[in-house]
Amino acid sequence: MSPIQAGVGRVIITPPVGIYLIGMERSENSHGLHDDLYSTAVAVSDGKTELVILSADILFFVPELIEKVRTAASEQTGIPGRNIMFCATHCHSGPAPVADHDRPELEQAYTANLPYLLTGAVRMAHDNLVPAKIGFGNGRVRIGMNRRHTRADGVTVIAANPDRPIDDQVGVIRVDTLDGHSLAVLVNYACHSVVLGNGSNVISRDWPGVMYDLVEKVTGGKCLFLQGAAADINPWPGEPTDRMDLVERLGTEIGAEVVKVWAGIETQPEASLAVQDRSVRVPLEPVSKYAGKAAKLVEWATANEITLEQFQAWLYSMGSRPQKTVGEGDHQGVMAEMQVFRLGEIAVVAFPAELFVKIGFAIKSLSPIKNTLVAAYSDGCVGYIPLPEDYPLGGYEVSEAFYGYGLPSPIAPEAAKLVEETALEILNALKE
């Protein structure tokens, strides 16, 4: 155990009004700003190892963006690129994180500037290092609702299903100065940021923004959100409502629980830090099962006999980006980076996918490190990873969403176990 230092950096990453908002099939571009989008970085050092957790109000990170920030931040601070973790809040009321040359100039300008903003957040966190203390606490809140509902006719749709599980755990990491002033409050919870859906065209952090504001007003520190295994979890009542009053209600509910937990956390001035990452080949279902089929993600696709290639071209024009697959024929996969940070008795498992909630349960419950958090949508996003038992039920997450991620077929059922086993192998290697 060694004395630790910590620092925080924050930048505003709000795009111009008029930019396209990714994550919902909206009929028009943004026409207003409800609240600013942030990127906040926390750096922690034990004198030998320095780690940075960067959270940003974007849908997901893309490899090009991560590489640019890691390279630039490493050059400016000396922090190894692999020691920077990129956690997306999975914000659906913000812009696409990347824009190709054929996209509107507004989007190209925004995405071209984004790496510099994020690098600045890391740089500030590093430059602001001061002697610090760290601690962990758990709370419980139920603002989420499982969104996979199988109707009487056997069709699985996105709708509230109280009979399926949610994860009501709120994990809170408290980082203070030695004299007790709050530097940062890191919050981990599993719930999509989609109170605002395709009927809303304003830029917003959704419910996490209300949580940030409340936590920061009470604690005085900067609040970061690490999105959990939320692939099948929506905010109550289970599907978007576009209601700002509900954004306030749910954000306040979880924010109040975070403050309650934060107030009871005992912080310690010493901790040992460690990091480990591993490349994981995530398998896909046999590609031949889906070759040439028209996408069913939107009704007009089938009605107008739109092919897979045409549909994906439209998705890419909206800011989506095809995944690079490995392998050939029916034996293809997609590469993903699993990254695990240990900060004393706290572990953060980051994986670039939309993980079903039971995967998060499994990793946290079996981890040998006392306080383990699962940060999905981190260091990229390759698509949805359901449980094997979800595949016979079909539905958007299983049978349709892979089109939007640019995959030739859905991620295979064995991927869930692979993610769990890899996480536990790394956690066991990192335990003190």
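Attention in this report is confined to the structure presented alongside it. Counting starts from 1 at the beginning of each chain's written sequence and moves along it residue by residue. Restriction of local features to residues with pLDDT of at least 70 applies here, the model being predicted, together with a cutoff of 80 or more for giving and counting side-chain atom pairs; totals for whole chains, interfaces and linings are based on all residues. Water and hydrogen atoms play no part in the side-chain values, which are based on all heavy atoms of the structure.

## A word on the pairing of strand 5 (residues 50-56)
Phase 1: Only protein chains enter the accessibility calculation, which uses a 1.4 Å probe; a residue whose area is less than 20% of its type maximum is buried, one above 50% is exposed, and one in between is partly exposed. Segments assigned H or I by DSSP are reported as helices when at least four residues long, segments assigned E as strands when at least two residues long, and all are numbered from the N terminus. With seven of its seven residues buried, strand 5 lies for the most part within the structure.
Phase 2: Neither face of strand 5 is open: one carries E50, V52, L54 and A56, the other L51, I53 and S55, and all of them are buried.
Phase 3: Between any two strands, at least two bridges found by DSSP are needed for them to pair. Pairing of strand 4 (residues 38-45) with strand 5, which is carried by seven bridges, proceeds in the antiparallel orientation. The residue of strand 5 that forms the bridge with V42 is I53.
Phase 4: Between the antiparallel neighbours strand 4 and strand 5 lie four residues, among them G47 with a positive phi of about 95°.
Phase 5: Across five bridges, the pairing between strand 5 and strand 6 (residues 84-88) is parallel. Paired with L54 across the strands is F86, a residue of strand 6.
Phase 6: Crossover strand 5 to strand 6 through helix 1 (residues 63-77) is right-handed. Look down the strands so they point away from you; if going from the first strand over the helix to the second traces a clockwise path, that crossover is right-handed.

## Focus on the packing of helix 7 (residues 357-366) against helix 9 (residues 415-430)
Packed helices, taken two at a time, are described by the angle between their axes plus the distance between the axes.
Phase 1: With axes taken as lines fitted to C-alpha atoms, and helix axes fitted only over the stretch in contact, angles between N-to-C directions fall between 0 and 180 degrees. In contact at an axis separation of 10 Å, helix 7 and helix 9 are set at 25° when each is read in the N-to-C sense. In terms of their interaxial angle, helix 7 and helix 9 are classed as roughly parallel. Along this stretch, helix 7 crosses helix 9, giving a crossing that reads as right-handed. Facing K358, I359, A362, I363 and L366 of helix 7, the residues of helix 9 in contact are A416, V419, E420, A423, L424 and L427. Any angle between 65 and 115 degrees counts as roughly perpendicular, while under 35 counts as roughly parallel, over 145 as roughly antiparallel, and the rest as oblique. In this scheme the handedness of a crossing depends on how the near helix is turned from the far one: anticlockwise by less than a right angle means left-handed, clockwise means right-handed. Only heavy atoms matter for contacts: two residues are in contact if any of them lie within 4.5 Å across the pair.

## Notes on the nonpolar core
Phase 1: Ranked by size, the top nonpolar core spans 80 residues in total, and within it F61, F351, L355 and I385 carry the most contacts.
Phase 2: Looking at which element gives the most residues to this core, the answer is helix 9, with eight residues.
Phase 3: Those residues in contact with I385 that sit more than four places away from it in its chain are V282, F351, A353, E354, L355, F356, I359, I411, A415, A416 and V419. Only buried residues count toward a nonpolar core, which is a set of Ala, Val, Leu, Ile, Met, Phe, Trp, Tyr and Cys residues joined through side-chain atoms within 4.5 Å.

## Brief notes about the packing of aromatic side chains
Each aromatic ring pair is described using two quantities: the centre-to-centre distance and the angle formed by the ring planes.
Phase 1: Centres within 6.5 Å are what make two rings of Phe, Tyr or Trp a pair, Trp counting through its six-membered ring; a difference in plane orientation under 30 degrees is then read as stacked, over 60 as edge-to-face, and the rest as tilted. Summed over all chains, the structure comprises nine aromatic pairs.
Phase 2: Pairing F61 with F86 gives two aromatic rings, centres 5.3 Å apart and planes at 70°, and the pair type is edge-to-face. Taken together, the positions of F61 in the loop between strand 5 and helix 1 and F86 in strand 6 put the pair 25 residues apart, joining distant regions of the chain. For the pair F61 and F86, one class covers both residues: buried.
Phase 3: Pairing Y189 with W207 gives two aromatic rings, centres 6.4 Å apart and planes at 85°, and the pair type is edge-to-face. Taken together, the residues Y189 in strand 13 (residues 182-189) and W207 in helix 3 (residues 207-219) connect sequence positions 18 residues apart. In this pair, the class of Y189 matches that of W207, namely buried.

## Description of the pairing of strand 23 (residues 371-375)
Phase 1: Burial analysis of strand 23 places five of its five residues in the buried class, the great majority of the element.
Phase 2: Where burial is concerned, the two faces of strand 23 agree: the one with N371, L373 and A375 and the one with T372 and V374 are both buried.
Phase 3: Across five bridges, the pairing between strand 21 (residues 346-350) and strand 23 is parallel. Following the sheet pairing, V348 is matched in strand 23 by L373.

## Observations regarding unusual backbone geometry
Phase 1: Cis rather than trans, the peptide bond between W236 and P237 has omega equal to 15°.
Phase 2: Topologically, P237 is positioned in the loop between strand 16 (233-235) and helix 4 (244-263).
Phase 3: Positive phi values are uncommon outside glycine, yet D242 reaches one of about 65°.
Phase 4: D242 sits in the partly exposed class, given a relative accessible area of 32%.

## Concerning the environment of V334
Phase 1: Relative to the assigned elements, V334 resides in strand 20 (residues 331-343).
Phase 2: In this structure V334 comes out as buried when scored by relative accessible area, which is 1%.
Phase 3: With 97 residues separating them along the chain, V334 and K431 place their C-alpha atoms 29 Å apart.
Phase 4: With sequence-adjacent residues up to four places away left out, V334 is seen in contact with V280, R281, V282, Q323, K324, V326, V382 and L407.

## Things to note about the pattern of salt bridges
Phase 1: In the sections that follow, a salt bridge refers to a side-chain nitrogen of Lys or Arg positioned within 4 Å of a carboxyl oxygen of Asp or Glu. One pass over the full model with this rule turns up 22 salt bridges.
Phase 2: Its salt-bridge partner being E337, residue R70 comes within 3.4 Å of it at the nearest N-O pair. Pair noted here: R70 is in helix 1 and E337 is in strand 20, with a separation of 267 residues, a long-range link. E337 shares its class with R70; the two are buried.
Phase 3: One salt bridge connects D168 with R140, and the closest N-O pair in it is separated by 2.8 Å.

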